[in-house]
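Structural characterization, general
Below are the chains, spelled out letter by letter.
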Amino acid sequence: DQQVKQNSPSLSVQEGRISILNCDYTNSMFDYFLWYKKYPAEGPTFLISISSIKDKNEDGRFTVFLNKSAKHLSLHIVPSQPGDSAVYFCGGGTSYGKLTFGQGTILTVHP
Amino acid sequence: KAGVTQTPRYLIKTRGQQVTLSCSPISGHRSVSWYQQTPGQGLQFLFEYFSETQRNKGNFPGRFSGRQFSNSRSEMNVSTLELGDSALYLCASSLTGITNEKLFFGSGTQLSVL
């Protein structure tokens with residue numbers, strides 16, 4: 001049972017344009033959502049998060065939007081840079097210790 | 001502050017063997033989680049330990065087990081290895097394991113089962 005789904009395995013964007021990565025979840029009990037970024041041969045690193053009481057959270061070039069009624073999460077990167085090329089995982093969870101992640105989206109930003 | 005350390009970095013095993021992976025969390029972190037990364041399934045949660053107790057478990061067969069020691073270091077064991085167990089195994093630590101804490105991941109152990 002895949003509670004978090006990232007339906008786009010890959011995304012290709014031109015440098016300077018917007019990257020939009022999408023994520024859907026099924027568990028209505030999730031009250032916290034986040035995005036992690038992973039470069040090859042490294043572990044994932046935290047990027048940005050959002051609580052279910054909010055619908056938007058910004059951190060520099062990164063903005064996460066949450067639509068609870070649609071059970072949909074998106075990450076916007078503006079402007080996109082070649083160094084943003086990585087695998088992006090969205091995740092959701094409740095309470096303690098168990099975060100459920102999606103399958104990941106490979107973002108490639110072309111110079 | 002040292003990051004999360006996972007050993008070994010690479011492992012090659014054959015079907016039927018067993019394997020033990022090790023994880024040293026960031027100093028002061030008491031929660032350790034394990035994830036399996038495969039190309040099709042993404043990051044799948046295996047289990048989480050806090051103060052030597054397994055607090056959460058994912059949907060993996062009993063061949064996958066783990067433990068945590070009093071110094072918060074954790075080990076993960078996979079018995080009777082199958083070809084499908086080939087994956088990157090990631091360990092992550094956090095202070096207490098509450099969901100809104102950042103997870104700090106190690107670089108992982110790449111397991112290949114032949």
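Residues numbered from 1 in each chain as written. Chains lettered and ligands numbered in written order. Predicted model: local features only at pLDDT ≥ 70, side-chain atom pairs only at ≥ 80, totals over all residues. Heavy atoms only, no water.

When its secondary structure is counted, chain A shows 0 helices and 11 strands. The linear arrangement of helices and strands in chain A, starting from the amino end, is β-β-β-β-β-β-β-β-β-β-β. Its C-alpha radius of gyration of 13 Å places chain A within 12% of the 13 Å reference for a compact globule of 111 residues. Projecting the C-alpha coordinates of chain A onto the three principal axes gives extents of approximately 40 × 30 × 20 Å. In chain A, buried positions account for 45% of the 111 residues. Sequence-distant contacts, at least 24 apart, represent 53% of the contacts inside chain A between residues at least 6 apart. When the accessible surface of chain A is split by element, carbon and sulfur atoms take 51% of a total near 5300 Å². Counting 10 positive and 9 negative side-chain charges, chain A places the averaged centre of each group 3 Å from the other. (Helix = DSSP H or I, 4+ residues; strand = E, 2+ residues; numbered from the N terminus. Rg over C-alpha atoms; globule rule 2.2 N^0.38 Å. Buried < 20%, exposed > 50% of the residue type's maximum accessible area, 1.4 Å probe, protein only. Contact = heavy atoms within 4.5 Å. Areas by Shrake-Rupley, 256 points an atom, 1.4 Å probe, with all protein chains shown as cover. Lys, Arg positive; Asp, Glu negative; His and termini not counted. Charge placed at Lys NZ, Arg CZ, Asp CG, Glu CD.)

The next thing to look at is the packing of aromatic side chains. Under the counting rule described, the total for this entry stands at 12 aromatic pairs over all chains. Centroid distance Phe30(A) to Phe33(A): 6.2 Å. Interplanar angle 75 degrees. Geometry classified as edge-to-face. Here Phe30(A) matches Phe33(A) in class, with each residue buried. Centroid distance Phe60(B) to Phe64(B): 5.2 Å. Interplanar angle 65 degrees. Geometry classified as edge-to-face. Overall, the relative accessible area of 15% leaves Phe60(B) in the buried class. (Phe/Tyr/Trp six-rings, centres within 6.5 Å; stacked < 30°, edge-to-face > 60°.)

Time to look at the interface of chain B and chain A. Tallying the contact residues gives 26 residues for chain B and 20 residues for chain A. Between chain B and chain A, roughly 1900 Å² of surface is buried when both sides are summed, and carbon and sulfur atoms account for 59% of that area. Among the residues of chain B in contact with chain A, Leu43(B), Thr99(B) and Phe105(B) are the three that bury the most area, contributing 30% of the side total. Taken together, the connections running from chain B to chain A amount to 5 residue pairs in polar contact (both at pLDDT 80 or more). Secondary structure elements with two or more residues in the side of chain B that touches chain A: strand S4 (31–38), strand S5 (42–50), strand S6 (53–57) and strand S9 (87–94) of chain B. At 4 residues, the largest contribution of residues to the side of chain B that touches chain A is made by S5(B). (Buried area = accessible area lost by both parts, 1.4 Å probe. Polar contact = N/O pair within 3.5 Å; in protein donor to acceptor, adjacent residues only side chain to side chain.)

The subject of this paragraph is the sheet that holds strand S1 (residues 5–7) of chain B. Residues and elements named next belong to chain B. Ordered by their spatial adjacency, 4 strands build an open sheet running S1-S3-S8-S7, and the pairing between neighbours is antiparallel. The open sheet has two edge strands, S1 and strand S7 (64–68), and neither has a second partner. The average angle at which neighbouring strand axes cross in this sheet is 20 degrees, direction not considered. For S7 and strand S8 (residues 74–78), the ladder comprises 5 bridges, and the chain directions are antiparallel. Within S8, the position partnered with Gly66 by the bridge is Met76. (Pairing = 2+ DSSP bridges. Axes fitted to C-alpha atoms, helices over the stretch in contact; angles between N-to-C directions.)

Cis geometry is found at the peptide bond from Val78(A) to Pro79(A), where omega equals -15 degrees. Looking at the secondary structure, you find Pro79(A) in the loop between strand S8 (72–77) and strand S9 (86–94). Cis geometry is adopted by the peptide bond preceding Pro8(B), which originates at Thr7(B) and carries an omega value of -10 degrees. Along the chain, Pro8(B) turns up in the loop between S1 and strand S2 (10–13). A positive phi is found at Lys71(A), a non-glycine position, where the angle reads about 50 degrees. Of the residues examined, Lys71(A) reaches a relative accessible area of 26% and is grouped as partly exposed. For Ser72(B), which is not glycine, the phi torsion reads 75 degrees and is therefore positive. Position of Ser72(B) among the secondary structure elements: in the loop between S7 and S8.

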